[in-house]
Amino acid sequence: MSLKGKKIAILLESDYCEHEIWYYKNRFAEEEADVVFMTRLWGYESLTFKGHDHQVPFVCNQSFEGKDGKEMDEDELNRLSAIIVPSGFVADRLRYTEDLSKLPPATAFMKRAFANRTILKGLICHGLWLLAPTPNVIRGRRVVAHNNLHGDVINMGAEFVDEDVVVDGDLVTARTGDHCHLFARRIIDLLHERHSYSG
Amino acid sequence: MVKENIKGKIGVLIENHFDPTEYHLFKEVFPSRGYDVDLISHLWGNKAGIEFSSNPEPDPITKRDRIELYVTVDKEVADVVLSDYKGFMLIGAYAMDRLRYEAHPVKGQPNQSPAVKFLRKAMRTPGLKIGTICHSLWLLCADPSLLKGRKVTCSNNLIYDVQNAGADVQFGDDGPVRLFVDGDLISARHPGDGITKEFIERFIEEIERR
């Protein structure tokens, strides 16, 4: 059984963790899933990000925004099987916004994804920062994050569970980038389960 | 420098990924105004000290390559005697996220990292000034009792973490204000605003206020 036809979006920015992102790229491809890296392109065709540990360049040319800076089309969003917010400082950088009267575009994208329970949401390590502007989406939910974010998680109203990987329905969280293999394994298992439900 | 002119000591809390521009100005402005600067961190039992590196900055010679600045810290935050210092600066960039590491999360128990325990003590000491800039309020977010109801400013990215911790972020025409003083807590928005020197001057002014 493969994950052929399943699309997994991984959000990206600079200060990503190289070993983690490369692991996802290969591991999900091994399951025959379609892996796409998405960012905010700020009107450019592509952006080159640098890794946190070794400054390795990573070219990203897909956006979680739609054309003309509008939000992603509903059908395109609903075609995603999973969205991953990775570790490092990707989430902190993605929540930057020049217009403080609105949610940062990446956070707005996640908020829409949380409204659709058929999309699996995976957040690891410092990834939960992306939800800080919209804490309602995880209020009362069981999550884990990097131990540095213990206070932030509680301040968002979620329950911090002291385990390396935690599943709460359509939400999967993991403690640090060093747990990326356990996190990916759980996401693959959950996508298989969801696959068999839907036939 | 003639030591008898020294007015006191300022402690700078630091860890990896600190902001180098703030570091340079702390080391320049405080001594020029009569204050010694001590670097303080959690050393995990390493008595000889730990070397920390900054976020990359442009090489001052080539102006192109990005280099890291290295500093060695040998003062353990858990051993700091508060009365030895006039105030403490929390350096910006990502350093303060690292100092709040909670080794054993326990439901209902406030953060037990040495730096957060230190701040609980420091912020209960009237007249002891605490300065934060950019992302450094993260350290206070680890224990919302330190921020609840406090008026502060911070980097745009931090607004929601700080609000979720119960603080009252002060807004101006273009986002959080550049500088704000709420009693013993002095906060600045972002070194990219060119605010750091003014922030340090204001911090000194608050220390010297009678």
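Criteria and thresholds
Residues numbered from 1 in each chain as written. Chains lettered and ligands numbered in written order. Predicted model: local features only at pLDDT ≥ 70, side-chain atom pairs only at ≥ 80, totals over all residues. Heavy atoms only, no water. Buried < 20%, exposed > 50% of the residue type's maximum accessible area, 1.4 Å probe, protein only. Helix = DSSP H or I, 4+ residues; strand = E, 2+ residues; numbered from the N terminus. Pairing = 2+ DSSP bridges. Patch = residues over 30% accessible without salt bridge, like charges linked within 9 Å, V, L, I, M, F, W, Y side chains within 5 Å. Areas by Shrake-Rupley, 256 points an atom, 1.4 Å probe, with all protein chains shown as cover. Salt bridge = Lys/Arg side-chain N within 4 Å of Asp/Glu carboxyl O. Expected span 1.5 Å × (residues − 1). Contact = heavy atoms within 4.5 Å. Buried area = accessible area lost by both parts, 1.4 Å probe. Polar contact = N/O pair within 3.5 Å; in protein donor to acceptor, adjacent residues only side chain to side chain. Nonpolar A, V, L, I, M, F, W, Y, C, P; charged D, E, K, R; others polar. Disulfide = S-S within 2.5 Å. Phe/Tyr/Trp six-rings, centres within 6.5 Å; stacked < 30°, edge-to-face > 60°.

## Notes on the pairing of strand β7 (residues 120-124) of chain A
Residue and element names in this part refer to chain A. Within β7, five of the five residues are buried, which leaves the element mostly enclosed by the surrounding structure. Here four bridges tie strand β6 (residues 80-85) to β7, and the two strands are oriented parallel to one another. Bridge pairing in β7 links Val-85 to Leu-123. The sheet contact formed by β7 and strand β11 (residues 171-174) spans four bridges and is parallel. What sits directly across from Ile-124, in β11, is Ala-174.

## A word on a nonpolar patch on the surface
All names here are of chain A. There is a patch of nonpolar side chains on the surface, built from Trp-42, Tyr-44 and Tyr-96 and spanning about 350 Å² of accessible area. Considering the arrangement of structural elements, one finds Tyr-44 in the loop between β2 (34-39) and β3 (47-50). Accessibility expressed as a relative area gives 52% for Tyr-44, which makes it exposed.

## Section: helix α1 (residues 20-32) of chain B
Residues separated by three or four positions in an α-helix point in the same direction, a consequence of the helix having 3.6 residues per turn. All names here are of chain B. An ideal rise of 1.5 Å per residue puts 18 Å on 13 residues; α1 measures up with 19 Å between its terminal C-alpha atoms. Burial in α1 covers these residues: Pro-20, Glu-22, Tyr-23, Phe-26, Val-29 and Phe-30. Directly beyond the C-terminal end of α1, a positive phi value near 95° is found at Gly-34.

## Focus on the interface of chain B and chain A
Between chain B and chain A, the residue contacts involve 28 residues of the former and 27 residues of the latter. Overall, the association of chain B and chain A removes approximately 2,200 Å² of surface from exposure, summing both partners, and the carbon and sulfur fraction of that is 49%. At the boundary of chain B with chain A, the tally comes to three salt bridges. A salt bridge links Arg95(A) to Asp161(B), with the nearest nitrogen and oxygen atoms 2.7 Å apart. The tally of links between chain B and chain A comes to 12 residue pairs in polar contact (both at pLDDT 80 or more). Elements that contribute at least two residues to the side of chain B that touches chain A include exactly α2 (95-99), α4 (138-141), α5 (159-164) and β13 (175-176) of chain B. Of the residues forming the side of chain B that touches chain A, the biggest block, four residues, is contributed by α5(B). Here the side of chain B that touches chain A is composed, by residue class, of 15 nonpolar, seven polar and six charged.

## What about the state of the cysteines?
All names here are of chain A. Enumeration over the complete set of coordinates arrives at zero disulfides over all chains. Cys-17 takes part in no disulfide bond, and the closest cysteine sulfur, belonging to Cys-125, lies 6.5 Å away. Here Cys-125 falls in the buried class, since its relative accessible area comes to 7%.

## Points about the pattern of salt bridges
Under the definition given, this model contains 36 salt bridges over all chains. Notably, a salt bridge pairs Arg40(A) with Glu65(A), separated by 3.7 Å at the nearest N-O pair. Here Arg40(A) is found in the loop between β2 and β3, whereas its partner Glu65(A) is found in the loop between β5 (62-63) and α2 (74-78), with 25 residues between them in sequence. For Asp182(B), the salt bridge goes to Arg150(B), with nearest N and O atoms at 3.1 Å. On the criterion of sequence distance, the pair formed by Asp182(B) in strand β14 (residues 179-182) and Arg150(B) in the loop between α4 and β10 (151-152) is long-range, its members being 32 residues apart. The network of salt bridges with common partners includes Arg117(A), Lys121(A), Arg141(A), Asp168(A) and Asp170(A).

## Focus: the packing of aromatic side chains
Residue and element names in this part refer to chain A. Per the counting criterion, the structure on display carries 16 aromatic pairs over all chains. Where Trp-42 meets Tyr-96, the ring centres are 6.5 Å apart and the plane angle is 35°; that geometry is what we call tilted. Pair noted here: Trp-42 is in the loop between β2 and β3 and Tyr-96 is in the loop between α3 (90-94) and α4 (105-114), with a separation of 54 residues, a long-range link. The class of Trp-42 is partly exposed, set by a relative accessible area of 42%.

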